[in-house]
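Coordinates in review
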Amino acid sequence: MPKQATKIFLDDSPKPEFVEVALPIPLRQTFTYSIPMGMREIIQIGSRVLVPFGRRHLTGYAVVLHEYLSEELEIEESAIKEIAELLDDEPLVTEEILNLTQWTADYYASSWGEVLKASLPAGINATVEEIININSRGLDEIIKTETAKTTKLQILNYLNEKGETSLRELKKAFGASKALRAVNSLLSQDFINKFSRTITTKVKPKRRKAVRLLPPENHKSIPKKLTETQQKIIDFLIEYDGEILFTELIEKADVGASPINTLAKYGFVEVFVKEVFRDPLSESKIPEIKDLILTDEQQSVLSEIKSALRKEKYEAFLLHGVTGSGKTEVYIRAMKSVLNEGKSALMLVPEIALTPVFSKRLRAVFGDEVAILHSSLSTGERFDEWRRIRKGDARVVIGTRSAVFAPLQNLGLVIVDEEHDSSYRQHEMPFYNGRDVAIVRANFAKAVAVLGSATPALESFHNSQTQKYDYLALPNRVGNRPLATAEIVDMREVFKEAGKDPIFSPALEDAIIETHERGEQSIILLNRRGFSQFVLCRSCGETIRCNNCDITLTYHKREQRLVCHYCNHREKVPNKCPKCEAKFLYFMGEGTEQIENLLQRKFSELQIARVDRDTTKRKHEMENVLSAFSDKKIDMLVGTQMLAKGHDFPNVTLVGVISVDAGLSLPDFRSAEKTFQLLTQVAGRAGRGKLPGRVLIQTYYPQHYALKHSKSQSYDSFYDEEIEFRKKLNYPPFVVLSSILIKHPNYNYAHDNAQILRAALDSSNTQKQCIVLGPAPAPLPRLKGEHRLQILVKSRNRKSLRETLDFALAEAEANFCDLKIIYVEIDPINLL
């Protein structure tokens with residue numbers, strides 16, 4: 001991949017004639033274009049450019065400028081196309097982000113252009129549409145033909161009536177394949193014209209009409225006396241520091257537009273258009289700032305971080321603090337210290353659900369200097385927040401994984417909360433881990449990085465043991481409150497006593513009643529949404545599966561639909577078996593929707609709410625439910641792992657875990673680690689106030705070591721046992737791992753390409769420094785209409801792994817392997 005050029009072209013120096021452009025396509029290379037004469041003095045690295053690529057135009061990113069073509073490029077100048085349009089006067093991508101995205105693309109074997117696109121707010125890239133119109137020959141053809149029976153003639157008539165039309169609209173009107181065939185034929189007959197048109201960015205600054213007071217010297221003519229309404233407007237503007245939005249003035253002062261316009265005519269006020277930033281927290285209640293006193297442990301940890309900040313060089317800490325130990329307060333104090341030194345701070349959180357909680361707390365402390373970045377914001381909100389960061393108006397950024405690319409200046413501190421969480425991993429192209437990219441960003445900026453968790457990722461804890469990270473500990477809860485008492489409920493014994501397979505054990509039911517009678521709250525966890533896990537025919541044993549995936553459909557009662565949780569395919573619930581037509585359909589397994597339903601029937605006196613991806617789709621829904629629970633308007637929350645992270649509810653004294661056995665049985669070497677983390681995290685929601693907490697974990701597998709250590713909530717003992725397992729079986733952190741997926745709708749095509757790639761891996765692995773496994777069907781062998789084959793590559797040396805992969809991919813391409821269906825993932829979080 002070409003390296004970034006940092007050369008600045010002064011007025012008297014040679015101007016660049018060529019540019020390397022990174023395009024957002026799944027190819028690991030840049031493309032060379034010539035720069036038109038008029039752009040050579042103004043084009044800059046980091047600017048967006050519109051370039052021809054094949055039969056279309058794409059928005060790309062200028063990453064290297066050349067004065068001339070070097071021999072290394074091996075390109076004939078005559079074959080080089082010209083940039084179509086320069087989209088930015090000033091580069092959108094800063095030099096720091098350009099370097100960071102290049103590292104990310106190289107490390108994760110991703111496309112630099114796709115990483116650059118992911119680093120910018122959605123809707124900012126220009127697009128190009130193909131426009132079709134009819135010409136004089138086409139009009140003559142219509143006149144000659146009486147009836148329009150063919151698709152071609154129908155399209156000609158359509159264009160004659162509508163005028164210029166996009167190819168996209170024609171596809172929608174006539175069907176994609178029909179429209180394409182007809183358009184190509186009409187073009188060859190010279191009946192129509194086709195050209196490209198640049199569509200401006202979807203998102204733009206928001207502008208609103210506003211009113212402001214003008215000084216006396218601007219008054220053109222003074223009436224003898226202002227009317228009562230006019231004086232009211234003047235007084236109101238003075239109260240609002242001389243400026244307010246036009247509509248707000250009308251609404252709050254209860255006046256009409258006419259007296260405002262009259263005052264503008266006299267020169268008392270000015271009506272103008274101003275840019276308004278869309279604030280994601282405009283409707284949120286900001287909490288009051290509490291003057292908290294740090295514990296001795298918190299003070300010691302903060303002192304270590306502050307000491308590192310003063311050195312102004314890179315240093316990484318793993319902050320291992322039990323749930324409720326006050327990690328957040330340490331983060332905030334460290335941020336204050338950074339801002340006092342004129343620097344900026346970045347905080348990553350794993351889930352969108354956590355962002356409002358932390359955002360409101362940070363806004364209370366840092367005011368408008370806080371910006372928020374996550375995918376649940378509207379396109380306009382994300383654009384405005386990104387621009388505030390870019391301008392330097394916001395020096396504290398909080399967000400999910402993509403916020404790692406926020407264009408902060410003079411970065412001093414990077415915090416990754418709940419650093420173990422798999423949500424930091426991007427599971428589709430471009431692949432990257434937000435936590436690891438955050439560490440590298442801190443390194444590039446000579447900043448301090450703090451990774452915080454009660455249950456650190458095994459790799460992170462191993463890094464602290466090998467002195468790659470400095471280890472900081474908060475082993476006790478604030479106020480020396482004890483951790484919640486965890487109990488394992490053996491559901492095998494419950495089954496023996498009840499003679500059936502109950503969902504709730506008597507111990508859990510009794511605990512729910514006792515908790516409610518004491519006026520306390522409870523949380524019930526089941527990490528599986530929906531009503532029933534699958535639908536089974538009791539006559540023939542058939543299960544109803546997704547047409548696109550090798551997965552059973554989940555029944556959602558509220559929607560009365562069967563839903564695939566992988567591709568979102570939906571269908572009605574059949575009244576008979578689609579295979580044998582028997583009417584004996586049985587709904588098997590429980591999801592959060594069914595658990596909520598059963599609990600509401602069993603405990604009708606409780607106010608119960610559910611928190612999962614089905615109930616929090618709309619903006620502010622999650623925030624509203626959590627706020628109501630915090631205000632004790634809800635007695636019980638039922639939900640998935642979304643409830644396990646970072647929430648602080650002092651009145652919660654009971655956590656019930658319906659089952660985690662499904663997670664333990666997944667074909668993934670991290671399944672025990674993820675189960676231990678989930679149980680320890682959700683247990684941490686109980687007993688955070690003055691009252692002691694209790695956790696009941698129902699399981700049919702009580703002897704599993706992940707459950708045994710969850711009961712004692714001892715991370716060290718779990719780590720000691722799990723690390724031995726990883727070492728014996730050659731799994732991270734003792735080896736570097738790569739997962740290669742070969743995906744295609746045609747199984748034979750995928751299989752043939754997988755075999756070519758495997759042969760290339762074998763011939764590239766001459767020193768036998770890599771272990772290559774596969775190809776074999778992936779644990780989920782078919783998803784979204786594609787068959788999936790998997791190859792695993794392990795090595796104790798990262799350089800050897802990358803060299804083997806790079807040589808193998810080059811050789812496979814030379815042997816006609818279709819690299820477009822090959823997906824290489826470095827350091828995968830799961831192998832499903």
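Being a predicted model, the structure only gives us computed values, none of them experimental. (Residues numbered from 1 in each chain as written. Predicted model: local features only at pLDDT ≥ 70, side-chain atom pairs only at ≥ 80, totals over all residues. Heavy atoms only, no water.)

A tally of helices and strands in the protein yields 25 helices and 35 strands. With respect to the three principal axes, the spread of C-alpha positions in the protein is 85 × 85 × 65 Å. Residues counted as buried form 53% of the 832 residues belonging to the protein. Counted over contacts in the protein with a minimum sequence separation of 6, partners at least 24 positions apart contribute 76%. A gap of 4 Å separates the mean positions of the 113 positive and 110 negative side-chain charges of the protein. (Helix = DSSP H or I, 4+ residues; strand = E, 2+ residues; numbered from the N terminus. Buried < 20%, exposed > 50% of the residue type's maximum accessible area, 1.4 Å probe, protein only. Contact = heavy atoms within 4.5 Å. Lys, Arg positive; Asp, Glu negative; His and termini not counted. Charge placed at Lys NZ, Arg CZ, Asp CG, Glu CD.)

Turning next to the pairing of strand E35 (residues 822-826). Counting buried residues in E35 gives four out of five residues, a clear majority hidden from the surface. Two strands pair when backbone bridges link them, and strand E32 (residues 736-744) and E35 are joined in this way by five bridges, in the antiparallel orientation. Of the residues in E35, the one forming a bridge with serine 739 is glutamate 825. (Pairing = 2+ DSSP bridges.)

Before going further, it helps to spend a moment on unusual backbone geometry. Of note, the amide linkage connecting proline 732 to proline 733 takes the cis form, showing an omega dihedral of 15°. Positionally, proline 733 belongs in the loop between helix H23 (715-728) and E32. Here glycine 774 and proline 775 are connected by a cis peptide whose omega angle stands at 10°. Take proline 775: it is sitting in strand E33 (residues 770-783). One non-glycine residue with positive phi stands out, namely phenylalanine 816, at about 70°. Here phenylalanine 816 shows up in the loop between helix H25 (798-814) and E35. According to the relative accessible area criterion, phenylalanine 816 is exposed, its value standing at 75%.

Spatial ordering of the open sheet is given by E21-E31-E30-E22-E29-E28, a layout of six strands whose pairing is parallel. Taken across any chain shown, the strands that pair with only one partner, and hence form the sheet edges, are strand E21 (485-490) and strand E28 (608-611). In this sheet, adjacent strand axes meet at a mean angle of 20° when their direction is disregarded. Strand contacts of helix H17 (residues 506-517): strand E22 (521-525), strand E29 (636-639), strand E30 (652-657) and strand E31 (694-699), with the helix running at about 155° to E31, the strand carrying the most contacts. Along the sheet, helix H19 (residues 621-630) contacts E22, E28, E29 and E30; its crossing angle with E29, the most-contacted strand, is approximately 145°. (Axes fitted to C-alpha atoms, helices over the stretch in contact; angles between N-to-C directions.)

For the pair helix H5 (residues 167-174) and helix H6 (residues 176-188), interaxial distance at closest approach is 7 Å and the crossing angle is 125°. It follows that H5 is oblique to H6 by the angle criterion. H5 and H6 meet at a crossing whose hand is right-handed. For the pair formed by H5 and H6, the contact residues are Leu167, Leu170, Lys171 and Phe174 on the first element and Ala176, Lys178, Ala179, Leu180 and Val183 on the second. The residue makeup of the contact of H5 with H6, split by class, is seven nonpolar, no polar and two charged. (Parallel < 35°, antiparallel > 145°, perpendicular 65-115°, else oblique. Left-handed = near helix turned anticlockwise from the far one by under 90°. Nonpolar A, V, L, I, M, F, W, Y, C, P; charged D, E, K, R; others polar.)

This next bit is on empty space enclosed by the protein. Using the criterion set out here, one finds one cavity of 30 Å³ or more in the structure. One number sums up the size of the largest cavity: a volume of about 30 Å³. Taken together, Leu92, Val93, Thr94, Ile97, Ser119, Leu120, Trp386, Phe405 and Pro407 make up the lining of the largest cavity. Split into classes, the residues belonging to the lining of the largest cavity amount to seven nonpolar, two polar and no charged. (1 Å grid on protein atoms, 1.4 Å probe; cavity = no way out; pocket = protein on both sides within 12 Å on 5 of 7 lines; lining within 4 Å. Points joined across faces, edges and corners; volume = space filled by probe spheres on them.)

With that out of the way, let us pick up H25. With 17 residues, H25 extends 24 Å from end C-alpha to end C-alpha; this agrees with the ideal 24 Å at 1.5 Å per step. Looking at H25, one finds that the buried residues are Ser800, Leu801, Arg802, Thr804, Leu805, Ala808, Leu809 and Ala812. Trailing H25 by a residue or two, phenylalanine 816 shows a phi angle of about 70°, which is positive. (Expected span 1.5 Å × (residues − 1).)

Moving on, we come to a negative patch on the surface. A cluster of like negative charges, contributed by Asp510, Glu514, Glu517 and Glu605, occupies part of the molecular surface. Note that aspartate 510 resides in helix H17. Judged by relative accessible area, aspartate 510 falls into the partly exposed class, the value being 43%. (Patch = residues over 30% accessible without salt bridge, like charges linked within 9 Å, V, L, I, M, F, W, Y side chains within 5 Å. Areas by Shrake-Rupley, 256 points an atom, 1.4 Å probe, with all protein chains shown as cover. Salt bridge = Lys/Arg side-chain N within 4 Å of Asp/Glu carboxyl O.)

Throughout the structure, instances matching the rule amount to 18 aromatic pairs. Note on phenylalanine 669 and tyrosine 731: the rings are 4.4 Å apart at their centroids and 5° apart in plane angle, and the pair reads as stacked. With phenylalanine 669 in the loop between helix H20 (661-664) and helix H21 (671-683) and tyrosine 731 in the loop between H23 and E32, this pair connects stretches of sequence that are 62 residues apart. Across the pair, tyrosine 731 and phenylalanine 669 agree in class, each one buried. Aromatic pair tyrosine 715 and tyrosine 719: ring centres 6.3 Å apart, planes at 20°, arrangement stacked. One end of the pair is tyrosine 715 and the other is tyrosine 719, both in helix H23 and four residues apart, which spans about a single turn. One aromatic cluster in this structure is built from Phe461, Tyr471, Phe676, Tyr705, Tyr715, Phe718 and Tyr719. (Phe/Tyr/Trp six-rings, centres within 6.5 Å; stacked < 30°, edge-to-face > 60°.)

Attention now goes to the nonpolar core. Grouped together as the largest cluster of nonpolar side chains are 130 residues, with contacts concentrated most on Leu637 and Ile740. In contact with leucine 637, other than residues within four places in its own chain, are Ser522, Ile523, Ile524, Ala609, Val611, Val625, Leu626, Phe629 and Leu643. Val301, Ile305, Val349 and Leu377 belong to the second largest nonpolar core, which has 34 residues in total. (Core = buried A, V, L, I, M, F, W, Y, C linked by side-chain atoms within 4.5 Å.)

The next subject is the packing of H21 against H23. Between two packed helices, both the angle of their axes relative to each other and the distance between the axes serve to describe the pair. Two numbers describe how H21 lies on H23: the axes approach to 11 Å, and their chain directions differ by 170°. By the angle between their axes, H21 is roughly antiparallel relative to H23. For the pair H21 and H23, the contacting residues are Ala672, Glu673 and Phe676 in the first and Tyr715, Phe718, Glu722 and Arg726 in the second. Class assignment for the residues of the contact of H21 with H23 results in four nonpolar, no polar and three charged.

The next thing to look at is the state of the cysteines. Applying the stated criterion to the full structure yields zero disulfides. Lacking any disulfide linkage, cysteine 537 is separated from the closest cysteine sulfur, that of cysteine 580, by 3.6 Å. Cysteine 567 provides the cysteine sulfur closest to cysteine 549, a residue in no disulfide bond, and the two sulfurs are 3.8 Å apart. Overall, the relative accessible area of 2% leaves cysteine 549 in the buried class. (Disulfide = S-S within 2.5 Å.)

The subject of this paragraph is the pattern of salt bridges. Enumeration over the complete set of coordinates arrives at 45 salt bridges. Close ionic contact of arginine 613 with glutamate 351 constitutes a salt bridge, the shortest N to O distance being 3.8 Å. Of the two residues, arginine 613 is situated in the loop between E28 and H19 and glutamate 351 in the loop between strand E13 (344-348) and helix H12 (355-366); the sequence distance between them amounts to 262 residues. The exposure class of arginine 613 is partly exposed, given its relative accessible area of 45%. With a shortest N-O distance of 3.8 Å, glutamate 721 and lysine 708 are connected by a salt bridge. One end of the pair, glutamate 721, is in helix H23; the other, lysine 708, is in helix H22 (residues 705-712), and 13 residues separate them in sequence. Overall, the relative accessible area of 48% leaves lysine 708 in the partly exposed class.

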